[in-house]
Amino acid sequence: MRILSGIQPSGTIHIGNYFGMIKKMIESQDDGELFAFIASYHAMTSLKDKEALENNIMEAAINFLALGMDPEKSTFWVQHDVKEVLELYWILSNHTSMGLLERAHSYKDKTAKGIQANHGLFSYPVLMAADILLYDSNIVPVGKDQIQHVEMTRDIATSFNNVYGEIFTMPEAKVDEVLQTVPGTDGAKMSKSYGNTIDMFGTAKKVKKQVMGIVTDSTPLEEAKDYISCNVYKLCELFMNQDELTQMQKRYATPGEGYGHFKLALLDKINDHFSPYSEKREYYLNHKDEVREILAHGANKARKIAQAKMEQIREVVGLNY
Ligand code: ADP
Ligand code: TRP
């Protein structure tokens, strides 16, 4: 079973990204053959800055390697290192109706927000279909916002297969229904666009500032506090085991401690949780050539599969005269 996932290189990652997506992706290395790539071409739809794109790609690679992406077990590469995907993108464009793309929620949402639409943004789902179909992916783990893109991929594949025969494997989106939305420091969904994040790899000072800035009510020290509605406790649930949580509940129920104390307990747990990854991340930050080698190795593995698939596709469509 082949599992494929693309990650947009967005630079900094917060604990919402980690628990919502990255952790699951790393764990899926045990469920099947994982193909994971950094979606550099897709990032160009929103990023038009050379330095930022280059830095974000490297940063995403380092973060994923630090968090446990195993380049031997899995195939891990940067999208634009396997150019075959662009050839397939063109071929698939001819099996994609305008209406299908016009119905895409992500495109509609972005234009509704006033983002100037260009062709890259409009045809984004076709490139995503090429990513998925080029590697005969079976399972595509995605967030809810991406389900429609996988459905569009199936539509495009069906339309192609109807003309040329069973060339493409039908992918399935895998959505984690129980996935909890990680709350931000203000209680709303943690998101870099809301400025309510707790960084995974921020400096000790920054992470402390973020944790100490979690919004709480103003119950005074000498009163018992309600843990159920508390943003600090909700984040504790991600980092503490049941015993530790029971202990926290007792502390909330006992007057004498304030939210500042609970925040410090949370901060300790966050630091304990991520420090092993920070060390590995530090290593890769100082060995970027090694990271480039790993990515080149991944691209070679992916390219072999992509080339074989493209030969098959060129043959059936009439590009192999
Ligand atoms: P952001 O909202 O900060 O811009 P992205 O949209 O780049 O984050 O999300 C990248 C991945 O992280 C997606 O798969 C998304 O589902 C996941 N993710 C982001 N924020 C959260 C959150 N607060 N809780 C759970 N998962 C999240
Ligand atoms: N569009 C995805 C996102 O924004 C990233 C992506 C690009 C992707 N190509 C893909 C995800 C192929 C899964 C499969 O999160």
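If you look the chain up in an unreviewed UniProt entry, it shows as Tryptophan--tRNA ligase from Candidatus Marinarcus aquaticus. UniProt's Catalytic activity (unreviewed entry) comment on the chain is quoted here verbatim: "tRNA(Trp) + L-tryptophan + ATP = L-tryptophyl-tRNA(Trp) + AMP + diphosphate + H(+)". UniProt, in its Sequence similarities (unreviewed entry) section for the chain, records the words "Belongs to the class-I aminoacyl-tRNA synthetase family."

Novice: In this structure, what is going on with the packing of helix 12 (residues 259–285) against helix 13 (residues 288–317)? I would like to understand it.
Specialist: Any two packed helices are characterised by how steeply their axes cross, that is the angle between the axes, and by the distance between the axes. Two elements in contact, helix 12 and helix 13, have axes whose closest approach is 6 Å; the angle formed by their N-to-C orientations is 90°. Relative to helix 13, the element helix 12 is oriented roughly perpendicular. Judged by residue contacts, Y283, Y284 and L285 of helix 12 engage K288, E290, V291 and I294 from helix 13. Its residues placed into classes, the contact of helix 12 with helix 13 shows 5 nonpolar, no polar and 2 charged.

Novice: Looking at this model, I keep getting lost on the environment of A299. Mind explaining?
Specialist: Its place among the elements puts A299 in helix 13. What makes A299 buried here is its relative accessible area of 1%. Remark: the alpha-carbon pair of A299 and V82, spanning 217 residues in sequence, is separated by 6.3 Å. When near neighbours in sequence (up to four residues on either side) are disregarded, A299 contacts F76, W77, D81 and V82.

Novice: Hey, could you run me through the nonpolar core in this one?
Specialist: Proteins that are soluble and globular tend to have nonpolar side chains buried together. Grouped together as the largest cluster of nonpolar side chains are 56 residues, with contacts concentrated most on I15, M69, F76, I198, L235 and L266. Two domains share this core, each providing at least three of its residues, namely domain 1 (2–180 + 288–317) and domain 2 (192–281). Among residues more than four places away in sequence, those in contact with L235 are I15, V182, P183, M190, I198, I214 and L266. Counting 42 residues, the second-largest nonpolar core is a separate cluster that includes L101, V142, V150 and M310.

Novice: Any chance you could explain the site of ligand 1 here in plain terms?
Specialist: Taken together, H14, G16, N17, G20, M21, Q180, T181, V182, K189, M190, S191 and K192 form the complete shell of residues around ligand 1. One of the side-chain nitrogen or oxygen atoms of N17 is found 3.1 Å away from an oxygen atom of ligand 1. Within the contact set of ligand 1, an oxygen atom lies 2.8 Å away from a side-chain nitrogen or oxygen of S191. In the complex, 75% of the free accessible area of ligand 1, which totals 540 Å², lies under the protein chains. Considered class by class, the residues forming the shell around ligand 1 number 3 nonpolar, 7 polar and 2 charged.

Novice: Is there a simple way to think about the domain arrangement of the chain in this case?
Specialist: A common way to express how large an interface is: the accessible area buried when the components associate. Looking at the assigned domains, one finds that the chain contains domain 1 (2–180 + 288–317) and domain 2 (192–281). The distance between the C-alpha centroids of domain 1 and domain 2 comes to 34 Å. The contact between domain 1 and domain 2 buries some 1,400 Å² in all, and 67% of this surface belongs to carbon and sulfur atoms. Taken together, domain 1 and domain 2 are joined by 1 salt bridge. Between E59 and R281 there is a salt bridge whose closest N-O contact spans 3.0 Å. Summed over the shared surface of domain 1 and domain 2, the number is 5 residue pairs in polar contact (both at pLDDT 80 or more).

Novice: Honestly, the site of ligand 2 in this entry has me stumped. Any pointers?
Specialist: Near ligand 2 the following residues occur: L4, G6, Q8, F37, A39, H42, Y124, M128, D131, I132, V140 and Q146. In the model, a nitrogen atom of ligand 2 is placed 2.8 Å from a nitrogen or oxygen of the D131 side chain. In this structure, Q146 approaches ligand 2 through a side-chain N or O atom, which is 3.0 Å from a nitrogen atom. Elements supplying a minimum of two residues to the shell around ligand 2: strand 1 (2–7) and helix 7 (119–134). Across the shell around ligand 2, the residue classes tally to 7 nonpolar, 4 polar and 1 charged.

Novice: What should I look at first to understand the pairing of strand 2 (residues 33–38) in this one?
Specialist: The side chains of a regular strand alternate between the sheet's two faces. Counting buried residues along strand 2, 5 of its 6 residues qualify, which places the element largely inside the surrounding structure. Across 6 bridges, the pairing between strand 1 and strand 2 is parallel. Across the sheet, the residue bridging to R2 is E33, located in strand 2. Crossover connection from strand 1 via helix 1 (residues 15–27) to parallel strand 2: handedness right-handed. The pairing of strand 2 with strand 3 (residues 75–78) spans 4 bridges and is parallel. Bridge assignment links A36 to a residue of strand 3, and that residue is F76.

Novice: Just checking my understanding: could you explain the environment of L179 for this structure?
Specialist: Along the chain, L179 falls in the loop between strand 5 (172–174) and helix 9 (204–212). Residue class for L179 comes out partly exposed when judged on its relative accessible area of 33%. L179 sits 36 residues away from G143 along the chain, and the two C-alpha atoms are 9.1 Å apart. Apart from the residues within four sequence positions on either side, L179 is in contact with F19, G20 and K24.

About the cut-offs
Residues numbered from 1 in each chain as written. Chains lettered and ligands numbered in written order. Predicted model: local features only at pLDDT ≥ 70, side-chain atom pairs only at ≥ 80, totals over all residues. Heavy atoms only, no water. UniProt positions renumbered as here; feature names shortened; annotations may be inferred. Axes fitted to C-alpha atoms, helices over the stretch in contact; angles between N-to-C directions. Helix = DSSP H or I, 4+ residues; strand = E, 2+ residues; numbered from the N terminus. Parallel < 35°, antiparallel > 145°, perpendicular 65-115°, else oblique. Contact = heavy atoms within 4.5 Å. Nonpolar A, V, L, I, M, F, W, Y, C, P; charged D, E, K, R; others polar. Buried < 20%, exposed > 50% of the residue type's maximum accessible area, 1.4 Å probe, protein only. Core = buried A, V, L, I, M, F, W, Y, C linked by side-chain atoms within 4.5 Å. Domains from an automatic or database assignment. Near = heavy atom within 4 Å. Polar contact = N/O pair within 3.5 Å; in protein donor to acceptor, adjacent residues only side chain to side chain. Areas by Shrake-Rupley, 256 points an atom, 1.4 Å probe, with all protein chains shown as cover. Buried area = accessible area lost by both parts, 1.4 Å probe. Salt bridge = Lys/Arg side-chain N within 4 Å of Asp/Glu carboxyl O. Pairing = 2+ DSSP bridges. Right-handed = clockwise from strand over helix to strand, strands pointing away.

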